[in-house]
Amino acid sequence: SWQLFFDDLGGLDEEGRVTPYGMVKYRELMEEEHGLEMDLLKLKMSVVPKDLTQWLTNKACFDMVDFEDVVEENKKLARRLGKKKAEKELKWEPLGKVGVDALQQLMGDIGETYTYEQLQVMLYVHQSFLDTMEQLRARFARRNEFSTDIQKSVIDASNKTVLWRDGFLAFLMARRERPAVDKFEKFMIRSKTKMIRGMRELGKLAGRVRKDVEKLVDREILTPRILGGLKADVGEFNGIFTIGDNEEVDEGMSARLEFKTVERAATEFAAMKLPRGCGTAIVLDFLARSDASPREQKEAVRRVSSLMKEHFDRDLSKLPLFHSWKVYSHKGAEDGIDVIRLSLCFDRASSIDYVLRELDMGFSFVDLLTEFNAEVRCSLNITDLLDSKRVTLEKDFHFQANTKLIYARALAVKILDEFLLKAEEEKRFEETLQAEIDTMQGAYDKRTEISHPVHPEYGRIRIGVDVSNDTVTGKQLETQKLAKERKRRTMWRFVNFLRGAKSAACELTFKNIVDFLFGSKLVRSYLPEWVQQSFFEEQGSSTVAWRKYSKLLRAHMLGMIEEVSRNEEQLKREKELEEQKEAEKLGGMSELQRRREQLAKDKKVLALKLESLGIKMDPNLLKKEVKELSPAEMRRSWWKTQSKSRMAFLKMYIALQQCCIGVQAVTVLSGTNKFELSLQGFDIFEILPELEDAFGEDFGKDEDEDGV
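Model, not experiment: these values are computed from the prediction. (Residues numbered from 1 in each chain as written. Predicted model: local features only at pLDDT ≥ 70, side-chain atom pairs only at ≥ 80, totals over all residues. Heavy atoms only, no water.)

**Q** So what's going on with the pattern of salt bridges? Residues and values would help.
**A** Across all of its chains, the model carries 39 salt bridges by this definition. A salt bridge links Lys-204 to Glu-201, with the shortest nitrogen-to-oxygen separation between them at 3.4 Å. A residue pair is termed a helical-turn pair when its members lie 3 or 4 positions apart in one helix, as Lys-204 and Glu-201 do in helix α9 (residues 183-218) at three residues. With relative accessibility at 27%, the residue Lys-204 sits in the partly exposed group. On the accessibility criterion, Glu-201 (30% relative accessible area) is partly exposed. Between Lys-404 and Glu-371 there is a salt bridge whose closest N-O contact spans 4.0 Å. Note that Lys-404 is positioned in strand β9 (residues 399-407) and Glu-371 in strand β8 (residues 369-378), a separation of 33 residues in sequence. The class of Glu-371 is partly exposed, set by a relative accessible area of 28%. Residues joined by salt bridges that share partners form a network here, namely Glu-68, Asp-101, Asp-109, Arg-197, Arg-200, Glu-201, Lys-204, Arg-314 and Asp-315. (Salt bridge = Lys/Arg side-chain N within 4 Å of Asp/Glu carboxyl O. Helix = DSSP H or I, 4+ residues; strand = E, 2+ residues; numbered from the N terminus. Buried < 20%, exposed > 50% of the residue type's maximum accessible area, 1.4 Å probe, protein only.)

**Q** Summarise the packing of aromatic side chains; cite the residues concerned and give the values.
**A** Two aromatic rings are characterised by how far apart their centres lie and by the angle between their planes. Tallied over the entire structure, the rule returns 18 aromatic pairs. Between Trp-546 and Tyr-549 the ring centres are 5.6 Å apart and the planes differ by 40°, which places this aromatic pair in the tilted class. Taken as a pair, Trp-546 and Tyr-549 lie in helix α23 (residues 541-587) at a separation of three residues, close to a single helical turn. Taken together, the ring pairs connect Phe-241, Phe-397, Phe-399, Phe-510 and Phe-516 into an aromatic cluster. (Phe/Tyr/Trp six-rings, centres within 6.5 Å; stacked < 30°, edge-to-face > 60°.)

**Q** Could you give me a rundown of a negative patch on the surface, with the residues and numbers involved?
**A** Judged by side-chain charge, Asp-245, Glu-247, Glu-248 and Glu-251 come together as a negatively charged surface patch. Turning to its location among the elements, Asp-245 is positioned in the loop between β3 (235-243) and β4 (254-261). Exposure remark for Asp-245: the relative accessible area of 30% places this residue in the partly exposed category. (Patch = residues over 30% accessible without salt bridge, like charges linked within 9 Å, V, L, I, M, F, W, Y side chains within 5 Å. Areas by Shrake-Rupley, 256 points an atom, 1.4 Å probe, with all protein chains shown as cover. Lys, Arg positive; Asp, Glu negative; His and termini not counted. Charge placed at Lys NZ, Arg CZ, Asp CG, Glu CD.)

**Q** Before we move on, can you summarise the layout of surface pockets with the specific residues and values?
**A** Put simply, the second largest pocket is a space of about 610 Å³. What lines the second largest pocket is a set of 21 residues, and nearest its centre among them are Gly-332, Glu-334, Arg-341, Lys-674 and Glu-676. Those elements that provide at least two residues to the lining of the second largest pocket are α11 (265-271), β6 (322-331), β7 (338-347), β11 (660-670) and β12 (673-680). If one sorts the elements of the lining of the second largest pocket by residue count, β12 sits on top with four residues. Partitioned by chemical class, the residues of the lining of the second largest pocket number seven nonpolar, five polar and nine charged. (1 Å grid on protein atoms, 1.4 Å probe; cavity = no way out; pocket = protein on both sides within 12 Å on 5 of 7 lines; lining within 4 Å. Points joined across faces, edges and corners; volume = space filled by probe spheres on them. Nonpolar A, V, L, I, M, F, W, Y, C, P; charged D, E, K, R; others polar.)

**Q** Summarise the confidence of the model for the chain; cite the residues concerned and give the values.
**A** Averaged over all residues, the pLDDT of the chain equals 83, while 90% of them reach at least 70. Per-residue pLDDT stays below 50 along residues 463-470; that stretch engages in seven contacts with residues further than four places along the chain or on separate chains. For residues 703-708, every residue scores under 50 in pLDDT, and the model assigns this stretch 15 contacts once sequence neighbours within four places are set aside. (pLDDT = per-residue confidence, 0-100. Contact = heavy atoms within 4.5 Å.)

**Q** Can you tell me about the packing of helix α4 (residues 50-81) against helix α8 (residues 165-173), naming the residues and giving the values?
**A** The relative placement of two packed helices comes down to the angle between their axes together with the axis-to-axis distance. It is the contact of α4 with α8, at a shortest axis distance of 10 Å, that shows an interaxial angle of 145°. Considering the relative orientation of α4 and α8, their crossing is right-handed. Across the interface between the two elements, Asp-51, Gln-54, Trp-55, Asn-58, Lys-59, Phe-62 and Asp-63 from α4 touch Arg-165, Phe-168, Leu-169, Leu-172 and Met-173 from α8. (Axes fitted to C-alpha atoms, helices over the stretch in contact; angles between N-to-C directions. Left-handed = near helix turned anticlockwise from the far one by under 90°.)

Below you can see the structure in the form of structure tokens.
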């Protein structure tokens, strides 16, 4: 019947398929009720041109980073002038510019990954374009100096410390070079930018949640009187997930996440050797080897600190309520085990206890979450999993996860209820406002049609819409509304589940990992195409895959070291040639000329010393000679910086491998509330490729000492 329908509509080809003419006729017939645009959007295919979509993404990312800089400047202004005095000078809109030091994060948010050297080349080309346009504008202004139509550019090309939005967005959409990045470096850079972006978005989310709670508290919807009696009504959830035999899971890796409370937060922070004034800390512990000397531990701490300062210090300082970071060696008070500890600390205002006291809702976090623990155990340790050819995942991999949660059910339901009801209020307000705008728009269009019957669209203005930012089609708005509605319904279902479930338990058991991954169509639909069932059925498949990857990783690192060494030799030769040319230049000067040049240098040095003592000197003597570097010299400087960064990472990797076994624990301490993730068997440094022999005796030297 389907073929008959299309045959009558527009005909079929020789193979019985729909012809282009028939497809056009079909779309004309169905467009009114089932638009093509809606069908494409359901398939997540945008109807907006690809270049426009990319431009919108670039603009959104630029404005996001720009506004984060604005917020940072507002904080500095508030600290300098005080909150009340600074209120008049605070800015709440993007400024249209971003510091050049944020370029890598900006490009990462856009979806492009580049090294430091590649970014510097990109900046140089972009700045050259801006300088050219500035010269053209200046020439045009000179030729039309009496004209009143010359507009002032929003771009200051002389300021090379910032990226201007209009110019940089145009540069991104131009036919620029997109250099390739090595897979390993691309993975590391992308991991860094994704982690920073994730932490920033988490901080923004926490800020939005707090503001919403403050509004509900101000309306006296969430008060101690209302919430106080709900703490006693608790709910419990127990879950068990098993793959294979649960009696075989005690021999390999294990992880345990547990919620605890401490008596005094200050005492706990001091015991962990964390700085004063912090209210929340995220701590990562690397287990040190039993035979690691204090010198090796100190070297590992120094290398990690150097990497954190170079790559993360600036971005971490912009996080909301960030206090400081610290890397140090620590000996546990209870077990006496040495660890290398990396900690990220936040201000006291970030503490959960501090926030709940400020909101004054009549309960503490331990009242809301009474007990929580989750444990994961596996039959294989990481060495057996990745370094033993006798292991068959289908037979030897056994896994079990247990979780227990006790929480204040009525209290949690009440808070979530009010959040969702507040969202419903905002939704109704937006719908009412949109209905009023539509009524006004109809009256405006009708009046325009009466005045201009031939051209009813003449002078049409869409009320309440900024046309410059209106790049979303009506169907796209419709799909966005449908997506929000689905999320809203899902949240209501979850809240109703909590409301009706006093106690819940869930147990899932699978015969083996193949049965879990490939026995269910739902689970299989989420797996990537390269995950095949044969991988889990063949003996030693995980070891073969890991060894292949490990060899590639080692080869890449060794190649990086060889490239740095090779280019070092080239730089030394170029430097020797420059010194030789300088010596030849000096050799061609007379004795009098050399003495005059040396005297001029001595005068400047003496003038600077006298100026520092408060003696006024001739400004001409104090001027420093600014020597403009050639493109080749700038490229050489960028490459040196990039090489230092690469070698610093590799030496940190070697230092950690010599000193540590693997990750031991991850701890989040916020006030008196403590979440601790304990890990056993995650000895990652035992299986990673070794590189110590690639450096030899020069390993312990600093980058400046070894000439990198």
